[in-house]
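Chain by chain, the residues run as shown.
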Amino acid sequence: AGELRFEDVRFAYTPERPILRGVSFTVPAGNTVAVVGPSGAGKSTLSRLIFRFYEPQSGRILIDGQDIAAVRQESLREAVGMVPQDTVLFNDTIGYNIRYGRPDASDAEVAEAARLAQIDNFIRSLPQGYDTQVGERGLKLSGGEKQRVAIARTILKSPRILVLDEATSALDSFTEREIQQALDKISEDRTTLVIAHRLSTIVNADEILVLDKGEIVERGAHAQLLARG
Ligand code: ADP
Ligand code: ADP
């Protein structure tokens, strides 16, 4: 796991409209931070900056003390795992789908990633329909299950920091709970987690950052934030 640090990060897509207005926080290695706040607050933008999708106008983003602006894109992709919002699954087993991107992974590693993402019970199943060649019944995966395959695929790459941008996805409460359980497992495994989320239902984060109009307006553990109302 890696430490993530934002130092007075400012970002704008267009000069006249700042999106992040000096965001600073540190996520110690192995901790989970949830970035919550209303739609348009800048949560997705913040997530994408960690992946160096864009460069901040000023300020620095550091992973284990190293400014990501100075890191080769290739190394950054190893360090940061970004769970995509929408996942395309191949019509092959869930295990194959998890392994995609890291074909050298051992069966044990695939099984462990599946366990963490809580999809180990259907690792040998097919994502959809009926496979005439294998003669096996496939599964119709729900949105949440698909996302957990994406999570497993990302953690198989053993990133130092795992970023999950849920800010714009409209998940039902059952799916939310399934994904929350998977995230709890991953955080027990001491992966540094950054979760961007619309709602404040992320109870188990070590720290919750409340982002509003590009600024952190509140921060603390869930209980502290509740106490403050
Ligand atoms: P959140 O994830 O909190 O909903 P976003 O980071 O998606 O917020 O968006 C913050 C603001 O930046 C919004 O006003 C949005 O319209 C704007 N924005 C997001 N992406 C882009 C983009 N690619 N180009 C220009 N503006 C953008
Ligand atoms: P490669 O082509 O070297 O395999 P990819 O471009 O597929 O690399 O990306 C590697 C990782 O980066 C994947 O985990 C993928 O989910 C993530 N990634 C790539 N592009 C995006 C993007 N636009 N948004 C979010 N994640 C992305």
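Scroll up a little and you will see the structure.
Residues numbered from 1 in each chain as written. Chains lettered and ligands numbered in written order. Predicted model: local features only at pLDDT ≥ 70, side-chain atom pairs only at ≥ 80, totals over all residues. Heavy atoms only, no water.

Draft legend 1. Quick peek at the packing of aromatic side chains. In total, this model carries seven aromatic pairs according to the counting rule given. Summarising the aromatic geometry, the rings of Tyr13 and Tyr54 are spaced 5.2 Å apart at their centres and angled 85° between planes, so their arrangement reads as edge-to-face. You can see Tyr13 sitting in strand S1 (residues 4–14) and its partner Tyr54 sitting in the loop between helix H1 (43–50) and strand S4 (58–63), a full 41 residues away along the chain. Measuring from centroid to centroid gives 5.5 Å for Phe53 and Tyr54, while their planes differ by 85°, and the two rings are edge-to-face. Given a relative accessible area of 53%, Phe53 falls into the exposed group. Ring-pair connections join several aromatic residues into one group, and the members of that group are Phe11, Tyr13, Phe53 and Tyr54. (Phe/Tyr/Trp six-rings, centres within 6.5 Å; stacked < 30°, edge-to-face > 60°. Helix = DSSP H or I, 4+ residues; strand = E, 2+ residues; numbered from the N terminus. Buried < 20%, exposed > 50% of the residue type's maximum accessible area, 1.4 Å probe, protein only.)

Draft legend 2. Quick peek at the site of ligand 1. Lining the immediate environment of ligand 1, one finds 14 residues, of which Arg17, Gly40, Lys43, Ser44 and Thr45 sit closest. Between ligand 1 and the protein, one listed contact pairs an oxygen atom with a side-chain N or O atom of Arg17 at 2.6 Å. The protein chains hide 67% of the 560 Å² of surface that ligand 1 would expose on its own. The set of elements that each furnish at least two residues to the shell around ligand 1 consists of strand S2 (17–27) and H1. Per-element tally for the shell around ligand 1: the top contributor is H1, with four residues. Within the shell around ligand 1, the residues separate by chemical class into six nonpolar, five polar and three charged. (Near = heavy atom within 4 Å. Polar contact = N/O pair within 3.5 Å; in protein donor to acceptor, adjacent residues only side chain to side chain. Areas by Shrake-Rupley, 256 points an atom, 1.4 Å probe, with all protein chains shown as cover. Nonpolar A, V, L, I, M, F, W, Y, C, P; charged D, E, K, R; others polar.)

Draft legend 3. Structural context of the site of ligand 2. Near ligand 2, the surroundings consist of Phe51, Phe53, Arg77, Met82, Pro84 and Lys157. Take Arg77: an N or O atom from its side chain is 2.7 Å from an oxygen atom of ligand 2. Between ligand 2 and Lys157, the relevant distance is 3.1 Å, taken from an oxygen atom to a side-chain nitrogen or oxygen of the residue. A total of 540 Å² of accessible area belongs to ligand 2 in isolation, and the protein chains cover 45% of it. Here the shell around ligand 2 is composed, by residue class, of four nonpolar, no polar and two charged.

Draft legend 4. Region of interest: the nonpolar core. Core analysis: the largest hydrophobic core is formed by 28 residues, its most contacted members being Leu4, Phe6 and Leu46. Setting aside anything within four residues of it in sequence, one finds Leu4 in contact with Phe25, Thr26, Val27, Ile50, Ile61, Leu62, Ile63, Ile161 and Val194. Val149, Ala152, Leu162 and Ile195 belong to the second-largest nonpolar core, a separate cluster that totals 27 residues. (Core = buried A, V, L, I, M, F, W, Y, C linked by side-chain atoms within 4.5 Å. Contact = heavy atoms within 4.5 Å.)

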